[in-house]
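If you want the building blocks of each chain, they are given just below.
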Amino acid sequence: MAAVCLLRTRSLFRQFVPGLPAAMQRQYSLDISSQLLRTQGYVDGRWVSAASVFPVLDPATGQELARVADCGPAEAKQAVDAAYKAFYSWKQFTAKERSYLLRKWFDLLTLHKEDLAKLITFECGKPMKESLGEIAYSASFIEWFAEEARRTYGDIVPSAAKDRKVLLLKQPVGVASIITPWNFPSAMITRKVGAALAAGCTVVVKPAEDTPLSALALAELASQAGIPPGVFNVVPCSREKTPEVGKVLCTDDLVAKVSFTGSTATGKILLKHAADTVKKVSMELGGHAPFIVFDSADVDMAVAGAMASKFRNSGQTCVCSNRFLVQSGIHDRFMEKLGRAMDAELRLGHGSEPGTTQGPLINSRAADKVVSQVSDAVSRGAKVLRGGKRLHGSFMEPTLLAGVTTDMLCTREETFGPLLPVIRFDSEAEALAIANASHVGLAGYFYSQDISQIWRVAEALEVGMVGVNEGLLSTCEASFGGVKQSGLGREGSKYGIEEYLDVKYMCFGGLKP
Ligand code: NAP
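Cut-offs used in this document
Along every chain, residues carry numbers that run from 1 in the direction the sequence is written. A pLDDT threshold of at least 70 governs which residues receive local features in this predicted model, and a stricter bar of 80 or more applies before side-chain atom pairs are shown or counted, although totals over entire chains, interfaces and linings include all residues. Neither water nor hydrogens contribute to the side-chain values; these are computed over all heavy atoms in the structure. The criterion for a residue being near a molecule or strand is simple. One of its heavy atoms has to lie within 4 Å of it. Whenever a nitrogen or oxygen atom comes within 3.5 Å of another N or O atom, the pair is scored as a polar contact, on the condition that within protein one atom can donate a hydrogen and the other can accept it, and that pairs from neighbouring residues in sequence are kept only if both atoms are in side chains. Secondary structure counts use DSSP, requiring at least four H or I residues in a row for a helix and at least two E residues in a row for a strand, with both numbered from the N terminus. Ten residues, namely Ala, Val, Leu, Ile, Met, Phe, Trp, Tyr, Cys and Pro, are considered nonpolar, four, namely Asp, Glu, Lys and Arg, are considered charged, and the remaining ones, Gly among them, are considered polar. Axis geometry follows a simple rule: fit a line to the C-alpha atoms, using only the stretch in contact for helices, then measure angles between N-to-C directions, giving values from 0 to 180 degrees. Note on terminology: angles under 35 degrees are roughly parallel, angles over 145 are roughly antiparallel, angles of 65 to 115 are roughly perpendicular, and the others are oblique. Left-handed describes a crossing whose near helix is turned anticlockwise from the far helix through less than a right angle; right-handed describes the clockwise counterpart. Residues are treated as being in contact if the distance between any of their heavy atoms lies within 4.5 Å. Only one rule defines a salt bridge in this text: a Lys or Arg side-chain nitrogen within 4 Å of an Asp or Glu carboxyl oxygen. Residue exposure (1.4 Å probe, protein chains only): buried if accessible area is under 20% of the type maximum, exposed if over 50%, otherwise partly exposed. If DSSP finds at least two bridges between two strands, the strands pair. UniProt positions are given in the numbering used here, feature names are shortened, and annotations may be inferred rather than shown by experiment. Definition used in this section: a nonpolar core is a set of buried Ala, Val, Leu, Ile, Met, Phe, Trp, Tyr and Cys residues joined via side-chain atoms within 4.5 Å. By convention, a stacked pair of Phe, Tyr or Trp rings (six-membered ring in the case of Trp) has centres within 6.5 Å and planes under 30 degrees apart, an edge-to-face pair has planes over 60 apart, and any other such pair is tilted. Charge-over-ring contacts are defined here by two conditions on Lys NZ or Arg CZ: a distance within 6 Å of the ring centre and an angle within 35 degrees of the ring normal.

### A look at the site of the ligand
Link 1 in the chain: Of all residues adjacent to the ligand, which total 29 residues, the nearest are Thr180, Thr242, Ser263, Thr266 and Glu414.
Link 2 in the chain: One of the side-chain N or O atoms of Arg191 is found 2.8 Å from an oxygen atom in the ligand.
Link 3 in the chain: Leu285 has a polar backbone atom sitting 2.8 Å from a nitrogen atom of the ligand.
Link 4 in the chain: Secondary structure elements with two or more residues in the shell around the ligand: α5 (187-199), α7 (242-251), β12 (255-261) and α8 (264-275).
Link 5 in the chain: Across the shell around the ligand, the residue classes tally to 13 nonpolar, ten polar and six charged.

Laid out in structure tokens, this is it:
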């Protein structure tokens, strides 16, 4: 176990409390172990500088948290080379040895959960309670894959020929490039890296420009856990450098696998990059989840599910519900109870302020998108029942819209913000047609107490994950991933590690009876 660090670093920031005049805003501090506030890249077990730096901002206040090394293609290439060199020794570790090191990494994440959660809150804006939840979720993938490392069984297959034996052996694919978004700055990394390292692969991680600090803190703890140099590398970079760095990571001959989480648009670019050298790919892309409430639903359960599924991380998760479909018989009761729940439960503020449930959106562009969807819906006849306005900076009021129709922008494109648009429907067939009318299919949710309807709808929804009377479904034990343009492959579960393994067929011939 690493020594608990006594050194603390303290930096003061103005806290933004929506609605309070600037002069009355409180000071806020990011008070974490200095060992966890890393600002250089991490390549081959060393902290490396770059020719320039880029700022990391607190999205709630706009204040600068740190300046981070702006790695370019040269650093990315160094990281790939280091990972390639390390692969040949890492894959020779026994599964038990890899499992042991992953378990040590998990223990350190758990030990430092408060500081790691503060980092998430300050760089991504998430309320502290959710950030602590993300660290538990993030660590769970390291623990899960520490266990799965020892179960990458192959097969001995009955042969059709008497003089042959047929063996199928699982082997690590090699160096994996890992590109991740800002909305889960820790968990989107560990969900991939846990599986990759367990399988015997080495990795180069490129975190999002907005949230490199969580990735670098993971590197510090990986180092403390004894994960060897070159096995886990991190190359932070600014949005300006991202395309060049991404190109190295997705085209270099030494890279065998690209695993990406982010928007469908970016996923398509990376798929094209990876095609030239025929790399194995995993793509966790955008969603546009339907949330259907049938007449038979328990309305209180449906309201609780809607609140959890919509407003987590201020609506900025890929599995957040985007399109609420509510059957006519239950519609008015649902709307009334939902409005009351929003009034009672949602509180905007800085994520580190106790009681905050809604932080800012990640940046102005994100808030602009929500505002444009609200204006479009209103111009086409929707009614604003709650919220609707953008506040200071990138804070956005949680918004409830009624009378939404399928021609509105908010039903046609992913929102990624605290907008809850409700479409009224009459029949199950109508609801399914609307729900499935999307080119993406990540998650879907529905509420019903009719067991036949539950089976029908769960099977008919064109998504990779279904919540039945449940608004939160992510867990390391289950497979995460989508259909259609929501991506390729699965993370977590017993399937996640397969994304980093090849199957080798060994034919033993000429055997004498
Ligand atoms: P994004 O713009 O696609 O960015 C994701 C990552 O890709 C970031 O690290 C970004 O770097 C990088 N990137 C962007 N352009 C690139 C390029 N040309 N080459 C290489 N890397 C590139 O997505 P986002 O807006 O940050 O995240 C939100 C999206 O992610 C939503 O659509 C959401 O549904 C999806 N998401 C999906 C899942 C899932 O599991 N399916 C989970 C979370 C989020 P920069 O930060 O420097 O731009």
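### Re the packing of helix α2 (residues 95-111) against helix α6 (residues 212-225)
Link 1 in the chain: Axis separation between α2 and α6 bottoms out at 8 Å; the angle between their running directions is 130°. The angle between the axes of α2 and α6 places the two elements in the oblique class. Regarding α2 and α6, the two cross each other, and that crossing is right-handed. On α6, the residues touching Leu101, Lys104, Trp105, Leu108 and Leu109 of α2 are Leu218, Leu221, Ala222, Gln224 and Ala225.
Link 2 in the chain: Considering only residue class, the contact of α2 with α6 consists of eight nonpolar, one polar and one charged.

### What about the pattern of salt bridges?
Link 1 in the chain: Scanning the model with the defined rule gives 26 salt bridges in all.
Link 2 in the chain: For the salt bridge of Asp107 with Arg103, the shortest nitrogen-to-oxygen distance reads 3.7 Å. On the criterion of helical spacing, the pair formed by Asp107 and Arg103 is a turn pair, its members being four residues apart in helix α2.
Link 3 in the chain: By relative accessible area, which is 35% here, Arg103 ends up partly exposed.
Link 4 in the chain: Residue Arg386 pairs with Asp343 through a salt bridge whose shortest N-O separation is 2.8 Å. With Arg386 in strand β16 (residues 383-386) and Asp343 in helix α10 (residues 328-345), the pair connects residues that are 43 residues apart, well separated along the chain.
Link 5 in the chain: A residue is classified by how much of its surface remains accessible, and Arg386, at 26% relative accessible area, is partly exposed.
Link 6 in the chain: Connected through salt bridges with shared partners, the residues Lys77, Asp81 and Asp252 form a single ionic network.

### A look at the sheet that holds strand β21 (residues 465-468)
Link 1 in the chain: One open sheet accounts for seven strands, arranged β16-β17-β18-β15-β14-β20-β21; its pairing is mixed. Each end of this open sheet is capped by a strand with a single partner; those strands are β16 and β21. Averaged over neighbouring strand pairs, the angle between their axes works out to 25° when direction is ignored.
Link 2 in the chain: Looking at chain direction, strand β17 (residues 399-402) and strand β18 (residues 419-425) are connected through three bridges and run parallel.

### Regarding the side chain of Thr264
Link 1 in the chain: For Thr264, the location among the structural elements is in helix α8.
Link 2 in the chain: On the basis of relative accessibility, which here comes to 13%, the residue Thr264 falls in the buried class.
Link 3 in the chain: Here the side chain of Thr264 touches Gly286 through a polar contact of 3.3 Å, landing on its backbone nitrogen.
Link 4 in the chain: Those residues in contact with Thr264 that sit more than four places away from it in its chain are Leu285, Gly286, Val440 and Gln485.

### Some details on the UniProt feature "domain: Aldehyde dehydrogenase" (unreviewed entry) in the chain
Link 1 in the chain: Following the UniProt record, one finds the feature "domain: Aldehyde dehydrogenase" (unreviewed entry) at residues 47-505.
Link 2 in the chain: Along residues 47-505 the backbone is 41% helical and 21% strand, and the end-to-end C-alpha distance reaches 40 Å.

### Observations regarding the nonpolar core
Link 1 in the chain: With 99 residues, the main nonpolar core has Trp105, Val193, Leu197, Val203, Phe232, Phe334 and Leu338 as its most contacted residues.
Link 2 in the chain: Residues within four places of Leu197 in sequence aside, it is in contact with Trp90, Arg98, Leu102, Trp105, Val203, Ile227 and Val231.
Link 3 in the chain: Counting residues in hydrophobic clusters, the runner-up holds 31 residues, among them Ile292, Ala367, Ala377 and Leu432.

### Here we look at unusual backbone geometry
Link 1 in the chain: With a phi close to 55°, Asn469 is a non-glycine residue in the positive phi region.
Link 2 in the chain: Relative to the helices and strands, Asn469 resides in the loop between β21 and β22 (483-484).
Link 3 in the chain: Unusually for a residue other than glycine, Lys484 sits at a positive phi of about 50°.
Link 4 in the chain: Tracing the chain through its elements places Lys484 in strand β22.
Link 5 in the chain: When its relative accessible area of 35% is taken as the criterion, Lys484 is described as partly exposed.

### Considering the packing of aromatic side chains
Link 1 in the chain: Counting across every chain of the model gives twelve aromatic pairs.
Link 2 in the chain: Ring centres of Trp90 and Phe93 lie 4.9 Å apart, and the angle between their planes is 45°; this geometry places the pair in the tilted category.
Link 3 in the chain: Here the aromatic rings of Tyr137 and Phe141 are separated by 4.9 Å at their centres, their planes lie at 70°, and the arrangement is edge-to-face. In this pair, Tyr137 and Phe141 are both assigned in helix α4 (residues 128-148), four residues apart and thus about one turn of the helix distant. With respect to class, Tyr137 is no different from Phe141; both count as buried.
Link 4 in the chain: One aromatic cluster is present, built from ring pairs that chain together Phe291, Phe324, Tyr445 and Tyr447.
Link 5 in the chain: Sitting over the ring of Phe184, Lys126 keeps its end group 3.7 Å from the ring centre.

### Side note on the sheet that holds strand β24 (residues 501-508)
Link 1 in the chain: Read from one edge to the other, the open sheet built from three strands follows the order β7-β8-β24, with strand pairing classed as antiparallel. Each edge of the sheet is formed by a strand with only one pairing partner; in this case those strands are β7 (155-157) and β24. With direction set aside, neighbouring strand axes in the sheet form an average angle of 25°.
Link 2 in the chain: The pairing of β7 with strand β8 (residues 165-172) spans three bridges and is antiparallel. By the bridge assignment for β8, Val157 is matched with Val166.

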